[in-house]
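Fold and contact review
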Amino acid sequence: MAPPATLNRFRDAGTAAAILAGACVWTFVSGAASGGDPIPVVAVVSAGAAALVVAALVSRGRPWVVPALVVGGAAIVAVAGRAEILTSRPEQGPFGYANATGAFYLQATIAGLMLAVSAPRAEGRWIGWLGAAAFAGITLATGSAAAAGLLALPAAGFVLSVSRRGRPVMVGMAALFAVALFGTIVVGSLAGEPGNGTLGGRIFDERRETLWHQAVTTIGEHPLTGVGPGAFVEDGPLVRIDADARWAHHGFLQFGAETGIPGMGLVTLAFVWLLVSLAGRSDPAVFTVLGSAALAVFGIGACVDYLFHFPAITVTAAALAGAASTHNEA
């Protein structure tokens, strides 16, 4: 029988998965009330929930398994797409979007570090170190400013957790996610039509602010069930001149625009629950801090881009966080 502490840690991932399951149910409610197609949205969210639970179960006593799988998968993607893997052109790379490629290899970098500190054999630890270095290079080469900037988070987390400062680091990660989420919502609320951006050209580009404002406005007009899953694509005036504007470039706001405040609230709650639960560890191991970093950088990245629409990134971040949730403390 698993010890009580392990069961409590598994409960962290299980609760987050249950919250995401609630978001799936609400997505179906939104689809029934407002139209749209809930299946693609539910598929990605449920895949993330499943990854959390499976990774938590697999990692009990074998924490290296999940990061090893991520490192191996990322290496396969790099080899298969080697002709485009180092491109910084926006619509190129293995995911057809440089920012998504950067976000994926940021997760792979964290997985490499997690493997380096958890592999039972020296060979595995070396593979982790080499993988982390290679994937960090790919992340930078994609030209994704968000992914490049967020590389600092796991790096700082690793260094500080080695010196036994893991808990304040994870508290800081949760706080950064909160600042990113609420800060971008405020920016979207204050922004207006094209040409009236609040911070355009300084922090966020004007197009993003316009899309965020459109999402905030849509939430205000349809607060309960949104405009329906996938319907934000049809609701955007910028889509006629910019196909990339079919996404809000903000996963949480788009979820709110399409499924209403309850849907957005459930997805946000899942992130907050797991980040806060991990930050509550009294003496977290480096592995746990890195898993928290994987979730935090995914959440922060989703506040400025449409990362939720790439299942590989969602599942990878959820799996690494799930693996960390059942890891023993240092």
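This text follows the structure it describes.
Residues numbered from 1 in each chain as written. Predicted model: local features only at pLDDT ≥ 70, side-chain atom pairs only at ≥ 80, totals over all residues. Heavy atoms only, no water.

A look at the packing of aromatic side chains
With the rule as written, the count across this model stands at 14 aromatic pairs. Plain terms: the ring middles of F298 and F308 are 5.6 Å apart, the flat faces sit at 55° to each other, and that makes the pair tilted. Highlighted residues: F298 in helix α12 (residues 286-302) and F308 in the loop between α12 and α13 (311-325), separated in sequence by 10 residues. The burial state of F298 is the same as that of F308; both residues are buried. On the numbers, 5.7 Å between centres and 25° between planes, the contact of Y306 with F310 is stacked. The pair Y306 / F310 is uniform in exposure class, with both members buried. What links up through ring pairs into an aromatic cluster is the set F177, F252, F271, F298 and F308. (Phe/Tyr/Trp six-rings, centres within 6.5 Å; stacked < 30°, edge-to-face > 60°. Helix = DSSP H or I, 4+ residues; strand = E, 2+ residues; numbered from the N terminus. Buried < 20%, exposed > 50% of the residue type's maximum accessible area, 1.4 Å probe, protein only.)

Concerning the nonpolar core
Judged by nonpolar contacts, the single largest core of 91 residues is most densely connected at Y105, F252, F271 and I313. Non-local contacts of F252, meaning those with residues more than four positions away in its chain, are made with F177, L181, M264, V267, T268, F271, G299, A302, C303 and F308. (Core = buried A, V, L, I, M, F, W, Y, C linked by side-chain atoms within 4.5 Å. Contact = heavy atoms within 4.5 Å.)

Digging into helix α11 (residues 251-279)
For α11, built from 29 residues, the straight-helix expectation of 42 Å at 1.5 Å per residue is missed by more than 12%, its first-to-last C-alpha distance being only 23 Å. Roughly 140° is the biggest bend found in α11, and it falls at G260, with proline P262 one to four residues downstream. Most of α11 sits out of view: 21 of its 29 residues are buried. (Expected span 1.5 Å × (residues − 1). Bend = angle between axes of the 7 residues up to and from the residue.)

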